[in-house]
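Examination of the molecular architecture
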Amino acid sequence: MQTLLMGDNPMCLTEPSAMALKCVGRLSPALLHLRSTAAPCVWRTALVVSQQEHHRTLLSRHLATKSSKGKTKGQARVNINTALVEDIINLKDVEQDMKNVIDSLKEDFNKNLSIRTSPSAFDHIIVKTKDGKFPLSHLGQITLKSPRLFVINMASFPESTDAVVNALRQSQMNLNPELDGTLIRVPVPPVTREHRENLTKLAKQLTNKAKDSVRKIRSGAVQDVKKFKATVSEDTIKLIEKQIQQMTDDVSAEMDKQLASKTKELLE
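Residues numbered from 1 in each chain as written. Predicted model: local features only at pLDDT ≥ 70, side-chain atom pairs only at ≥ 80, totals over all residues. Heavy atoms only, no water.

**Looking at the nonpolar core**
A general tendency of soluble globular proteins is for nonpolar side chains to be buried together. Core analysis: the largest hydrophobic core is formed by 32 residues, its most contacted members being Ile 89, Ile 240, Ile 244 and Met 255. Every element with two or more residues in this core is listed here: helix H3 (91-112), helix H6 (193-226) and helix H7 (234-267). Filtering out sequence-adjacent residues up to four positions away, Ile 244 remains in contact with Ile 89, Leu 91, Met 98, Arg 218, Ala 221, Val 222 and Val 225. In this structure, Phe 122, Leu 136, Ile 152 and Val 186 belong to the second largest nonpolar core, which totals 20 residues. (Core = buried A, V, L, I, M, F, W, Y, C linked by side-chain atoms within 4.5 Å. Buried < 20%, exposed > 50% of the residue type's maximum accessible area, 1.4 Å probe, protein only. Helix = DSSP H or I, 4+ residues; strand = E, 2+ residues; numbered from the N terminus. Contact = heavy atoms within 4.5 Å.)

So this is what it looks like as structure tokens:
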């Protein structure tokens, strides 16, 4: 019989118990070795699971931050880190597509709504000929003979003279061209109040058309995001959709500012 000291009290063990302790003693080093080798594996597995859970359920905590500068319809604005969702959608491309619409609107304003008398006022006019469609400036030489008269020399393309006359009459510029051989005389109409108001209506039409284009971009982007519903958390989907809607609202607001500025310019 062996005696095991536990504190101040001796404990008597039978021979089988002593042998069991010896076995445990022999196993301890092996158990410690197993623990030391298994722990990194367990840690790595936990890390992978943690990363997956982070992507699926906690991503929304890192996607957006509240902005102290503005609100959108009474709600806090979001500012998604585009790098975190680039495998779902490229928000920078969506934003650029919307900005391109604004740039096109500004270009339309400059081309179609100018009340200044200069040859560039005809840049937007496209002439339909039997050989195709061409800018008016490519077919005729445009000069301003006087503050109230333009002359278009069609000597280089006389066969397109009639087509140019028709394009001028259909240009919504209130023009009444007069044909004189290969010369087209275009009197500059007085800029009446009615003409200015008609231009403001055209500005509104162009703006609404641009807004339709932006809404189509938004709808397409949202549809692309929804394709990931099976692999991305619902909160993340909603947050990205909110960001896209916020971008749409910002662009629409900018268009309204452009329209207000142009309307003021036309009616002054």
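**Some words on the packing of H6 against H7**
Between H6 and H7, the shortest axis-to-axis distance is 10 Å and the interhelical angle comes to 170 degrees. In this view, H6 runs roughly antiparallel relative to H7, as classed from their interaxial angle. Taken together, the residues that form the contact of H6 with H7 break down as 15 nonpolar, 6 polar and 11 charged. (Axes fitted to C-alpha atoms, helices over the stretch in contact; angles between N-to-C directions. Parallel < 35°, antiparallel > 145°, perpendicular 65-115°, else oblique. Nonpolar A, V, L, I, M, F, W, Y, C, P; charged D, E, K, R; others polar.)

**Remarks on the sheet that holds strand E7 (residues 141-146)**
In space, the 4 strands of this open sheet follow the order E7-E8-E10-E9, with antiparallel pairing throughout. The sheet is open, and its two edges are formed by E7 and strand E9 (178-180), each paired on a single side. Within this sheet the neighbouring strands show an average axis-to-axis angle of 25 degrees, counted without direction. Across the sheet, helix H5 (residues 161-169) lies against strand E8 (149-153), E9 and strand E10 (183-187), angled at about 10 degrees from E10, the strand it touches most. (Pairing = 2+ DSSP bridges.)

**Re the confidence of the model for the protein**
Looking at the protein as a whole, the pLDDT averages 79, with 71% of positions reaching at least 70. The weakest mean pLDDT in the protein belongs to strand E1 (residues 2-6) at 40; the strongest belongs to E10 at 95. Confidence drops under a pLDDT of 50 for residues 41-58, and excluding neighbours within four residues, the segment shows 7 contacts in the predicted structure. (pLDDT = per-residue confidence, 0-100.)

**Brief notes about the environment of Gly 181**
Note on placement: Gly 181 falls in the loop between E9 and E10. Exposure remark for Gly 181: the relative accessible area of 57% places this residue in the exposed category.

**Some details on the pairing of E10**
With burial as the criterion, only one face of E10 is covered, namely that bearing Ile 184 and Val 186; the residues Leu 183, Arg 185 and Pro 187 on the opposite face remain uncovered. The pairing of E8 with E10 spans 5 bridges and is classified as antiparallel. Note on E10: the bridge partner recorded for Ile 152 is Ile 184. Across 3 bridges, the pairing between E9 and E10 is antiparallel.

**Brief notes about the pattern of salt bridges**
Tallied over the entire structure, the rule returns 9 salt bridges. With its nearest N and O atoms 3.3 Å apart, the salt bridge here joins Arg 185 to Asp 180. Using a relative accessible area of 40% as the deciding quantity, one classes Asp 180 as partly exposed. Between Arg 193 and Glu 197 there is a salt bridge whose closest N-O contact spans 3.5 Å. Here the residue Arg 193 and the residue Glu 197 both occupy positions in helix H6, the gap between them amounting to 4 residues, near one helical turn. Here Arg 193 falls in the partly exposed class, since its relative accessible area comes to 47%. Given a relative accessible area of 37%, Glu 197 falls into the partly exposed group. (Salt bridge = Lys/Arg side-chain N within 4 Å of Asp/Glu carboxyl O.)

**A closer look at the packing of H3 against H7**
As a packed pair, H3 and H7 sit with axes 11 Å apart at the nearest point and diverge in direction by 15 degrees. In terms of their interaxial angle, H3 and H7 are classed as roughly parallel. Viewed along their axes, H3 and H7 form a crossing whose handedness is right-handed. Across the interface between the two elements, Leu 91, Val 94, Glu 95, Met 98, Val 101, Ile 102, Leu 105, Lys 106 and Phe 109 from H3 touch Ile 240, Gln 243, Ile 244, Met 247, Thr 248, Val 251, Glu 254, Met 255, Gln 258, Leu 259 and Lys 262 from H7. For the contact of H3 with H7, the per-class residue count stands at 13 nonpolar, 3 polar and 4 charged. (Left-handed = near helix turned anticlockwise from the far one by under 90°.)

**Comments concerning the environment of Asn 208**
Tracing the chain through its elements places Asn 208 in helix H6. Accessibility expressed as a relative area gives 33% for Asn 208, which makes it partly exposed.

**Side note on H5**
Those residues of H5 not exposed but buried are Thr 161, Ala 163, Val 164, Val 165, Ala 167 and Leu 168. Those residues of H5 hidden inside the fold are in contact with strand E5 (126-129), helix H4 (136-139), E8, E9 and E10.

**Quick notes on the pairing of E8**
Examined bridge by bridge, E7 and E8 share 5 bridges and lie antiparallel to one another. Pairing of Ile 142 across the sheet is with Ile 152, part of E8.

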